[in-house]
Structure formats: C-alpha cells, structure tokens
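Observations on chain architecture
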Protein chains: 2
Amino acid sequence: MVVKDRSYDREAVRRVLDRAGADGRSSLTAPEGRLVVEAYGIATPGEGLATSADEAVALAEQIGLPVVLKIVSPDILHKTEAGGVLVGLRTGAEVAAGFDTIIANATAYKADAKIIGVQVQQQLDVGHEVIVGTVTDRTFGKVVAFGLGGVLVEVLKDVTFRLAPTDTKTALSMIDGIASAEILRGVRGAEPANQEALADLIVRLSDLVTDFPELAEVDLNPVLATSTGATAVDVRILVDPAAAQQPEQFTTEEILASMSRIMRPASIAVIGASAEAGKIGNSVMKNLVNGGYQGEIYPINPKATEILDRKAFRSIADVPGPVDVAVFAIPAKFVPAALEEVGVKGVAGAILIPSGFGETGNHELQEEVVAIARRHGVRILGPNIYGYYYTPENLSATFCTPYDVKGGVALSSQSGGIGMAILGFSRSARMGVSSIVGVGNKADIDEDDLLTFFESDPNTQLIAMHLEDLKDGRSFARTAKRVSAKKPVIVLKAGRTDQGAKAASSHTGALAGNDKVYDDILRQSGVIRAPGLNDLLEYARGIPLLPTPQGENVVIITGAGGSGVLLSDACVDNKLSLMEIPPDLDEAFRAFIPPFGAAGNPVDITGGEPPSTYRNTIALGLSDPRIHSLILGYWHTIVTPPMVFAELVVDVVAEFRAKGIHKPVVASLAGDVEVEQASEHLYRHGIVAYPYTTEKPVAVLGAKYRWARAAGLLGGAQPSR
Amino acid sequence: MVVKDRSYDREAVRRVLDRAGADGRSSLTAPEGRLVVEAYGIATPGEGLATSADEAVALAEQIGLPVVLKIVSPDILHKTEAGGVLVGLRTGAEVAAGFDTIIANATAYKADAKIIGVQVQQQLDVGHEVIVGTVTDRTFGKVVAFGLGGVLVEVLKDVTFRLAPTDTKTALSMIDGIASAEILRGVRGAEPANQEALADLIVRLSDLVTDFPELAEVDLNPVLATSTGATAVDVRILVDPAAAQQPEQFTTEEILASMSRIMRPASIAVIGASAEAGKIGNSVMKNLVNGGYQGEIYPINPKATEILDRKAFRSIADVPGPVDVAVFAIPAKFVPAALEEVGVKGVAGAILIPSGFGETGNHELQEEVVAIARRHGVRILGPNIYGYYYTPENLSATFCTPYDVKGGVALSSQSGGIGMAILGFSRSARMGVSSIVGVGNKADIDEDDLLTFFESDPNTQLIAMHLEDLKDGRSFARTAKRVSAKKPVIVLKAGRTDQGAKAASSHTGALAGNDKVYDDILRQSGVIRAPGLNDLLEYARGIPLLPTPQGENVVIITGAGGSGVLLSDACVDNKLSLMEIPPDLDEAFRAFIPPFGAAGNPVDITGGEPPSTYRNTIALGLSDPRIHSLILGYWHTIVTPPMVFAELVVDVVAEFRAKGIHKPVVASLAGDVEVEQASEHLYRHGIVAYPYTTEKPVAVLGAKYRWARAAGLLGGAQPSR
C-alpha cells in the first residue's frame, strides 16, 4: 500500500459532530462513525443502510457477497448482545431472512429502541484482526491504543499506548511493541500485516482526536490488517465536550522565573516561626539557620520580637526588603489570610507545610488557597509537606533535619514518609544530593515544574521522583522527554494497582488500566521507571557515577564461575547484551587466565588468582574499544583479599580515566564481611559495587543503559527487543 | 464426557514399538502413533490410509466429508513443509485431486522418500486447539506439557510442564495454569472446553510414557478440545531406547546412614594436613581445631609427626580407631590413591576440596574417583569445594573461616564464590545457621542427599540452596515435595537462560526451554524459588522468624500514607491478599486513629501520631482472629522516634505471643538513619524489618506465604491465581 497524502476533511467531521451535538447524543451511529474516520482517510468496508429486506438484498449484491448485517439504533450500543449482528450471509435469501431476524431481535431486546435500519457491510475475512482505539485518559488526555484483536487483547491484555498525536515512527513502535508482535509478521505461513498501512491508520486516528478533542473514545475494533492495507471494520465513537478540556499551564519561562526564586531565594520568611522547641515553626527556623543558609531569614510571629537571634516581625508586610519564599508553619485554617499578605508582599513561593487540606477531604480550603495564590502570582509548594532542600544554597527549609552532602541528585516525593526514607538513605549512603522536595498534595507546583527547574540547574545531574499520580501527565511527558535527553529522570510510580475510578465504557477504555498507560507513556518519555523504593534510591545513587556507555557490548570478568552465571542471568533480566567475544579478544583474555579458566563471556579467571590477573583482564576490558561496559565478579580468597581487589580496581579505572577512557564498571563482591568495606571503597571511587548480591550492580548498569538508549546517547547498535 | 475407565492395552503399544525397533526406526508413522495413543484410550479422528486416489475418495466418504489429507512417509517428518498436508477437502473430486497433489509434492520434496500412502482424516473444526506433549528432559526425565495451540504457544510460549506421571488434579492445574486459561473457559461466546476430558487425556498420555519410557517425545498437536471431549488430531512420536535410562539412586536409609556420619562425625582425618600457614591443609586443620569441633582430628601427612598439637599419621591406615570423614587437601592427581586407603578404612564421607576434576575438563579423573568411592561405599562431597559447616557439632571443615552463629538455616551452594557470599552475609546479619555445604562438581552427594539429611535434622528448620543444575531433577522434585511439606525449601536456580545443549526435534521439545521446566516443576514440588542471590539470603534469614500464617488476610498498618501505597503494590507483586476489612473491624480501627486518617486497608494512622496509636492498632491487628498477618509502615517523627516504635512493636508482639497468638509481622521503616538501628532491634526480636524499602519485608512475607500454601499449612482459603 502507498500511504496516502494526509489531507483531512475537517468540515465533514464538524458536520457530524454538530448534528450529534444538536441531538444531545453522547455516541455516534455506525454510519456517522464511519463518515468521521473516512474523513481522515481511514478505510472502512463497503456498506450501506437498508430499511427493508429488499433494500438489504440489493445493497448486498451491489457491495458483493458475503456480507455482515448489523442493527443501527442510537438506543442499542451493544449490538452483539442484542442479537443485532449476523455474519457470513452468502446469498440474497440469507440476507433477506437475516434482515428480518435482526429487526425482531432488536425489538425483543429493547421494545422502545429507535431503529434506523440495518447496516449491510462487506465481509472481509482474510487478514489479522487488530484493535486501534483512543481514549481520553484522566492523567494523560488523548492516548491511542493498539493491540491484537479477539482473545489476545481481551484475555492477555496485550495492548500498548502512546500519547496522541503520534508520528509514524512511534506508531510503528506500537505495532512492534506488543508481546504478540511476531504474529503480525506472519507465522505458520500466514500473510504478514502491512505495518506501514497500520501505522498510517494509527497516525490518522490520533490526528482525528487531536483535532476534535470532544471525541472522547474511539474504537476501531476490529481493524482488518492485510498485506496491502488496513480497514476499520467496526467504528464506535463516544463524544463528550468535557473531553476537550485542557489543564491550566504555565510557560517554561514562567516556571523558571518562579522556581529560580524559590530554589535560590535571597530571603525567606517563616510564617509561624517559634522559639519553642518541638514546634514546627521552631524546627524550620533551626534548620534554616543551622543548615547554613546565607540569605535573609525573617521570622514572622505576632507575639515575638526575636527568634533564634533574628528579629521577628508581626506580619510579612512589616519586613523591610523583598521576600522570595514564605515557609508556612501555621495551622491550615490560618493559611488563607496569611497567604493574602504573602501575595501582597510579592513572594514567589509559598511553602505550605501544614496538613488539613485536600488530603483530609478539605478540598474547599485547598481551592481557596490556590485561588489566592493565583491572584497574586504566588506559586504554592504543598500543602501537607515536610518542606524542601537545596544544598547548593545550604537551604533546608523543612521541619526534619538539615542535609549537607552536596552532589548531583535531585529527588522529590509526594509522600512525607517516602521523603524521610530518601533523607535517611541519602545520609546513610552519603549520597550527593542537590535537592529534596516534598510536593505533597500538589495543589500547584508539581513534578513538571521541578523537572523544568532541574533541567536548567547546573547543580543537578539526575532527577529521581516518587509519585502517586500526575496532575497533568501530558505536560509531564513532554517535559520529561525534553529533560531526559540530557539528564536521567527516574520515576517510582506508586499505586500501580489503582484502576481508576471511571468505569470503562469502550473496549479501549477497558484496556487502559492506569498503570499500563503510565508504563508505556513514561517509557515513551525516556523516563526510567524504578520497580520499587529501594531501586529508586540505588539508581539515583549509582547512575550519576557511571559514565555513559558508548555501546551495548557488556563483558563480565569474574573470579567466581558461580557469580558469572548469576551475573549473566541479571544481564538478561536487565536487557543487557553480553558481548560475543571475537577470536582475537578471546585469545588476548586467555593470555592472562589459567588454562582451565574460561574466556568467552563471562571471562572466568577462576578463583585463587593473584591481583595481577584481575588487573590485567580489567585493563584489557577497559582498553579494547569494542568493549563498552564491565561487570566484575569478585571472589574472596587469601591470594586477593577484598581491599586488595578494591584498590586495584580503583587504580586501574583511574589509570584509564586519566587517559580519557571512561567506561561504566560495576562490581558484585562475594566473600566474608570484609567485602562490605571493599564495596564502599569502590563506590566512593565511582565503581558501583555491592556485597552479597549479583542483582543490584547489574540493575543499576541496566538502568543507566535504559536511559542512554532512550536519550539516543549510545554509540553502538540498539539491541533487538 | 464421562471419563472412561483407564484400562490400557499395553500389548498393542508393545507390538508397535517392537516393529519400529525391528526396523531400527526412531519415529513412528502417523497410523502407528494413533494406534499407540488409542491403546491408552486417547481419541483420534476417524481416518484411514489410502494408497490410491480412489481409495482416498472411498475412505473420505466413509469417514464423512470434509477431510484432511496427510502424507505418510517415514522419511518425511515435517509434513507441512513438504507440501504433504491438505485441509478442507469437501467433495470426492477434491479428495482425488488432493491425493495426486500430495504424492507429487512429497516426491518433489524428497525424491527417494519411501511413501506409505496418504492418510485420510476426519476434519474437526469446532473447538479449541491445544497442544499436549511429553519430552524426556535431561534433568527431570519424563515431563508432560500443555498449552494452547497455534500462535499462542508458538509466539507467546504460553505453556506449562509437570512431571509424568501426573494425576487428574495436577492435570487440571496445568489447564488452569497457563496465562491464556480463560480462553478455554469460553470467551466472546465461544464454547468452553471440557476440562475433565482434557485432564483425562493428559493423564493417559503421561501414563503411556511412564509405562513405555522409550517414547522419547510425543506431540499431540493439535488436540481439539470441545465441550464434550478431546481428540488428538495429529500424533507424532519419537522413540529412543536411551530415553528409558534411569539414574543411579540410593534409598533414603542409605543416604541417612552416610549423611549422618558425615554431618555428625565422631572423627575426622585431614588428608594432606599441613603445619605451614597459607596451605589449604593448614587452614582446614586450624578451622577444625579453632572452630571447636570436639571429635577426634587426625592429621594425615607422610612427613610430619605432629600438626597443631595433634599426632600426625603417615597414612589413614595407621589411624588407630574408626574414621567417619576424610577431608582431602591434596592435589587432584593424588586423590585416587588416597581415596583407596580412605575406602579401605571404612570412611563414610570423602570431602574433596581440590579442584582439577570435571570443572577443568578432567572428567576421567572424576569418574575414576567416583568408581573408587562406590567400590568402598564411600560418599563423596565435591570435588572443587570450600568444604562444609555443621554448627551443632562446631564443625568447620573448610579452608575458609569458622562460623559459629547457631540457628535453623541450612544452606548449600554449587559455587565457591556463592558459598563465600553466604558466609559473609550470614556473619554480617548474624543469621543463625545449622549448616553451609559446598557441593561443587556434585560427583556424588547432591542436593537430594542434603535435603534428605536436613529433613531429619532437628537443628534445621529451613533449607536454602544455590544450584546451577540438578543431577537427577526427578529425584530432587520427589524429595523436595516431601521435605517442603515440613520445612521451607528455597532454591536459587542460576543459569536461567541456558536452553540446554540438545537441539529440539519436536514442538514440545522446542517449548521445553530448560528454565520453564525448572520453574513449573520446582513450584510443583513446593519449592520457593528465589529470584536472586540477595533474595535467597533474605528469605533464608527471615522466613524462619515468621510464624506460619493461619490464613490469607493481610493488613497493612502505616503511619505514612505513601508507604501504604507502596506496600500495597508490593502485596500485589507478591500475591498477598489485602483483607477486605469488615465494618465492625473498620470501626474498631477508627476508634484509635484521627478522623482524617483512613481505615480500610491500608489502615493509615497518619503521621505525627503518638506511640499509643501504633500500639493500639497493632494490638487490634494481633487480637482479631480474622487478621492473619501484619505489615507495618513506620514514618519517623519526633512524636514516635524510631527506637520507641521498634520497642513498642517488640513489646506488643511479645505480649500476644505470651497469650499464644503468633502472627507474622513485618515492617518497613521510612526515616532518618536511626531507622537502621530500629530495624535491627525489630529483626532480632522476630519482626522482619528493613529501612528504606517497602519491597523487601513484603517479599519475605510473600515467600513465607508461598511456602505455607504449597505445604498446605494455611488455615484459610486459597487465593485465586
């Protein structure tokens, strides 16, 4: 099939929608649906509407037998259930009898149903049945879905999603992205489907719903895909003006203007600052002061004159100079009035620590607060948060404890508990952090705003986010796509089993279980999804230490054959490609290892080898440009004790770094307790190393690869899926 | 369908196999295959063999049209490829023409093919196509496979395996155990398959290959499953006398007699004992002596008179009393001669530490050593191992370091590196261990022998094994099934991607990727499979501490809503059932938590609550008999600091234990670094607790549940799959 020029007849669609709108209908009839998709160049079978058995016979003969008959009634949505569908009618007599049967069935099903007639449709029965559809997702807006029709999609839920509109490349990635993709390539002698034609149909449908966002749900089910084209056999469309609503958005410039003042404030007011230990307003003051923040700190408290040696003010209005940030440490009910004053003062950000808003059901108060903030151009962080940290400014605007290990990792959490886990893990692992932010109820500032700030922040190299939902998934996806091309974005999406509150009314809707949509779209956006909290933290800690690999060739060098096998398993789990070692390289490795060792991959240097064997093989792995990453498996022996191994690895890696050769190196250490200290030594020197696990180092390397691939930063060939 | 009485016509099968054997054939013809399965009561379609077009027409009319034609030739195995299959022949003329086409195609495909004729077969075209087959797995022997036919099994590899023979219950679990099981229950108006009839067919096939083990591979593909019965449409059988071979086996009594002497020896000889530090023979002596072993220790060294204050002997023959165990610390080449002497002395176990046997390609030496051992009734541990530990006897027969934290966990590893990781982890976590055993090359003693010993060992409560293969998977499965009914058996199977060396020659064979067979059969045996090394170790450490749950009702009590969501996700991942809280219980929880907290499950007590709220809700969870397990989510606050939380949990759990109420309690601690100490305190008191992760505590609880369910120890209802 030659993909047709994509010129769309928007007026035809408009006319249909206006008519449906005038009728107050929320669904289109089959012929209307067909008109709409045909206006966007999507093929449908030959068909016509018959209002009598004779008309049906005449139409059938004109279209060509065999045909399918389907009831047309605005009151009957589930045609099969109503006995309103008959297939495989091969003669005029069968068509005539079929017409009568369908009318009788429909009347029996719903006596007062308005019956328009019976659709007579060309029966296409060679090809692959697929489903293409769109829904209006509550998080991501218009998404397009693709899957194999029939039992595969219904029983195995083998379906994939992308944001609409989509381009041809993305549409092709959908066709290739389902588990049963091989079926469309033709198995057991079946004809392959024409992937270009299918992709074209997906693009057209996604353009249609983008142009007409009131098309809430569209099911093309089935689409019959042959080797030459794709035909939408059945079209079902639901319309809903609400589906066209767009969330409120700020421009990148607006976001950066506010966020820069919030993250790097010249002055901070603490609303509800207190001298009394145990009070949140006291903790916040202490953490600002003790954390080493160098800007102005203004305690606001109507009853105090001085708090922690700082002059206190009755109201923010009394503060002499400008104020960038106001941290609220007062009960929820006092927030609106104080926020008014803060707004008048021209503050950029209101940090709403207090709870008692949306999370306790008090949505009105939260909306009131947002309205006040909007009126004054104040951005709100929170409410219901622990606060935030920005280490380059020694800023700990929180009631927790200060954090001072500076580094390139920015983290955010939607939950306070998870924020505390981030803090504890960071401190325990001495993870270098640029920022930790609690977003809480996300009444205003959300992950999108944070991503935009961290993108431009020279102190941040990686962004790791815990989230339970996205306020505007579409905007997040767009921002994440842009940011992740430069800096890894890791997301822990909690609440994977939340299927959403809305009962599904279409096939595609039923398939759009919230998590599958999240999964596909986050991947499409270049986001690395962490399977759990600990993974989020370990990825955040390890990924910035590893250089970006130049290609897919991973080599395992191990002193323990058993670790080599487990490390290989972990490579498969993490979709890493174990390099096939070419003969000359194999020979080069062999020169360093005992005759009963195994070259190949893993390179098994065998236990009991001296430090030089580790050193020589690792140096070879670093020097050969065909090798892109190394995974080391260490086995504790008397000949090469743990710290000797750790130091030689640090040395040899540093040697090559000095020569400008940077490759990711990760290590798994198997041995007695001394391997814990050795792992720490390695980690401190940029080699991601763990004791007692073969899985963790490979998982971190795998996450680095996932990011590098999605960001297009990998020099070598992409692995096949 | 009424399942027929299972009386089998063994003579009919014998006759077919004898004929094939006499011809020296490795495959049966289609009619032979049909005879064989029919002799075991498996239905096949009406059919006959035609040697001319006329005969074909006559047969087709007798059987009933439409029919399928298939070439019958011992030289053509892949009939479709040879153009030797035609389907849907509806008239006599089509059958006659079809006959000629098939003969012509077959001749063109292979000019010298011996053509027996053309099979004329009734065409059955309503029902579900499934595949039932058996293969002779190199690890497990006869296994039976079940999957949906066509693309599902080919593209999605949706297939399941069990050991043959199988019973009806197990066969039903196969039908229910594939991902696409729902399809067989009838979706989109399709008729359901008769599961009893299908299960009956599976049982019959598994009986057939059990009775005639020379049937190396049997494919029934497709089997047509309808609502009334199941018919094997195509039968393909490969025969191989080698497939009937049985591995060597010891009786349980023989194993226990040897293993008891090996694990609890009264005396140990060290062959190659040395006074020279750094030598393996010196390390072994030191570890035996310093580890506190109280039995006799006899150093054997032809050149020494005393080693570590023990009288040395030139040869084990010179040792005055009996010797139970000989630890070999001499080079491989000296092992045979020394083993002869050890055998003459009547030693029960030879612990072969040296490498240089099968693992370096020296299979002859390994076989020689096994032959010597068999001759003398000596069991061999190893070769190529670090040795073994048995803490109840203070026995550290190893060149590593002694281990003395006694407890109920027995571990084994096939690799020395993994053994060292076990040792290091155990020491670091202070895990109570009964035994650590290196099995290395497994020339003789394998996991089966260890399981049998640990089963009867009162000091062992749980067995955790790292393995790369099984010498006799069938025997392991049988033993594990028996042992795991009493004690949890955890297995880390390394080498998941090893597809086996043997090229597959049948459909079922091609599907029997080694790991899927391992996975299904280990599960069938009640074994808990650990996904990675760290999981193996954490499961081993945690599972014995948790009481066996009395039912499936799990309740999460959390101070951090965010942890609650992640803990719920982890419950789904680990197939745990979050209890639906009945109204009265909901009300009881609500009495303890703030009005804006959430009852339900998770019970969200909200952050900032005092210790009493944790205590009251946990006490309620322990006291209500409808709740079977608790997962706690702690959020670090000033009001309830980490150690306060840990101590109150230990207290309240102890209080209920004193009343005879034992429920598993696990905890995830989110907070600053103090949560590490709090987690340790909890762990030491039997509450499996971790900082900075919501995944690990739930994974350990999930593993405990998997074991309890498989062992039939769960009081409550089983969860649906």
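Here the structure is a predicted model, which is why all the values come from computation and not from measurement.

Some words on the packing of aromatic side chains
Counted under the stated rule, the structure contains 22 aromatic pairs over all chains. Between A:Phe425 and B:Tyr692, the aromatic rings sit 6.0 Å apart at their centres with planes inclined by 90°, giving edge-to-face as the arrangement. Residue A:Phe425 is located in helix α13 (residues 416-429), and its partner B:Tyr692 is located in the loop between β30 (688-691) and α24 (695-710); the two belong to separate chains. Using a relative accessible area of 5% as the deciding quantity, one classes A:Phe425 as buried. Note on B:Tyr692: relative accessible area 5%, which makes it buried. Here a set of aromatic residues connected by ring pairs shows up, and it is made of A:Tyr8, A:Tyr40 and A:Phe212. Between the NZ or CZ atom of B:Lys659 and the centre of the ring of B:Phe656, over which it lies, the distance is 4.1 Å.

A word on the pattern of salt bridges
All names here are of chain A. What the rule picks out here adds up to 77 salt bridges over all chains. Residue Asp 446 pairs with Lys 471 through a salt bridge whose shortest N-O separation is 3.9 Å. In this pair, Asp 446 is assigned in the loop between β21 (433-438) and α14 (447-456) and Lys 471 in the loop between β22 (462-467) and α15 (473-484), connecting sequence segments 25 residues apart. Here Arg 590 makes a salt bridge to Asp 586, at a shortest N to O gap of 3.0 Å. Of this pair, Arg 590 and Asp 586 both sit in helix α20 (residues 583-590), four residues apart, which is roughly one turn of the helix. Relative accessible area serves as the criterion here: at 43%, Arg 590 is assigned to the partly exposed category. Residue classification places Asp 586 among the buried residues on the basis of a relative accessible area of 15%. Ionic contacts of the salt-bridge type, sharing partners, join the residues Asp 515, Lys 516, Asp 519, Asp 520, Arg 523 and Arg 529 into one network.

Re the UniProt feature "domain: ATP-grasp" (unreviewed entry) in chain A
In the numbering used here, UniProt assigns the feature "domain: ATP-grasp" (unreviewed entry) to residues 34-70 of chain A. This span, residues 34-70 of chain A, is 46% helix and 22% strand, and a straight line between its end C-alpha atoms measures 14 Å.

Considerations on the domain arrangement of chain A
As far as domains go, chain A holds domain 1 (10-122), domain 2 (128-244), domain 3 (252-384), domain 4 (403-545) and domain 5 (547-710). The C-alpha centroid of domain 5 of chain A is placed 50 Å from the C-alpha centroid of domain 3 of chain A.

Side note on the interface of chain B and chain A
Size of an interface: often given as the accessible area lost when the parts come together. On the chain A side, the residues contacting the 61 residues of chain B number 61 residues. Here A:Asp672 ties to B:Arg427 by a salt bridge, and the two come within 2.8 Å at their closest N and O atoms. Applying the counting rule to chain B against chain A returns 16 residue pairs in polar contact (both at pLDDT 80 or more). If you list the elements that add at least two residues to the side of chain B that touches chain A, you get α5 (151-156), α7 (181-184), α13 (416-429), β23 (489-493), α18 (533-542) and α19 (561-573) of chain B. Counting residues per element, the side of chain B that touches chain A draws most heavily on α13(B), at ten residues. Among the residues forming the side of chain B that touches chain A, the class breakdown is 26 nonpolar, 21 polar and 14 charged.

Quick look at helix α11 (residues 335-345) of chain A
Think of an α-helix as 3.6 residues a turn; residues three or four steps apart then line up on the same face. All names here are of chain A. Considered for burial, the residues of α11 that qualify are Val 335, Pro 336, Ala 338, Leu 339, Val 342 and Gly 343. Here the buried residues of α11 occupy an arc of 160° about the axis, which is enough to place them on one side. Projecting away from the buried face of α11 at angles above 90 degrees are the exposed residues Ala 337 and Val 344. Once α11 finishes, Gly 346 follows within two positions and takes phi at roughly 85°, a positive value.

Cut-offs and rules
Just so you know, the residues in each chain are numbered from 1, in the order the chain's sequence is written. Chains and ligands are labelled by the order in which they are written, letters from A for the one and numbers from 1 for the other. Only residues with pLDDT of 70 or above have their local features reported here, since the model is predicted, and side-chain atom pairs are shown and tallied only from 80 upward, although totals for entire chains, interfaces and linings are computed over all residues. Working from all heavy atoms in the structure, the side-chain values ignore hydrogens and water. Only Phe, Tyr and Trp rings are paired, with Trp represented by its six-membered ring, and only when their centres lie within 6.5 Å; those with planes under 30 degrees apart are stacked, over 60 edge-to-face, the remainder tilted. For helices the rule is a DSSP run of H or I covering at least 4 residues; for strands it is a run of E covering at least 2, with both sets numbered from the N terminus onward. Any residue under 20% of the maximum accessible area for its type is buried, any over 50% is exposed, and the rest in between are partly exposed; the area is computed with a 1.4 Å probe on protein chains only. Distance and angle both matter: a charge sits over a ring if NZ of Lys or CZ of Arg is within 6 Å of the ring centre and within 35 degrees of the ring normal. Any carboxyl oxygen of Asp or Glu within 4 Å of a side-chain nitrogen of Lys or Arg constitutes a salt bridge here. UniProt positions are given in the numbering used here, feature names are shortened, and annotations may be inferred rather than shown by experiment. Where each domain starts and ends follows an automatic or database-derived domain assignment. Between two residues, a contact is recorded if the distance between any of their heavy atoms is within 4.5 Å. We call two N or O atoms a polar contact when they sit within 3.5 Å, provided that within protein one can donate a hydrogen and the other can accept it, with sequence-adjacent residues counted only if both atoms are side-chain atoms. All amino acids are sorted into three groups, where Ala, Val, Leu, Ile, Met, Phe, Trp, Tyr, Cys and Pro are nonpolar, Asp, Glu, Lys and Arg are charged, and the leftover types, Gly among them, are polar. What the arc covers is the set of directions going from the helix axis to the C-beta atoms.

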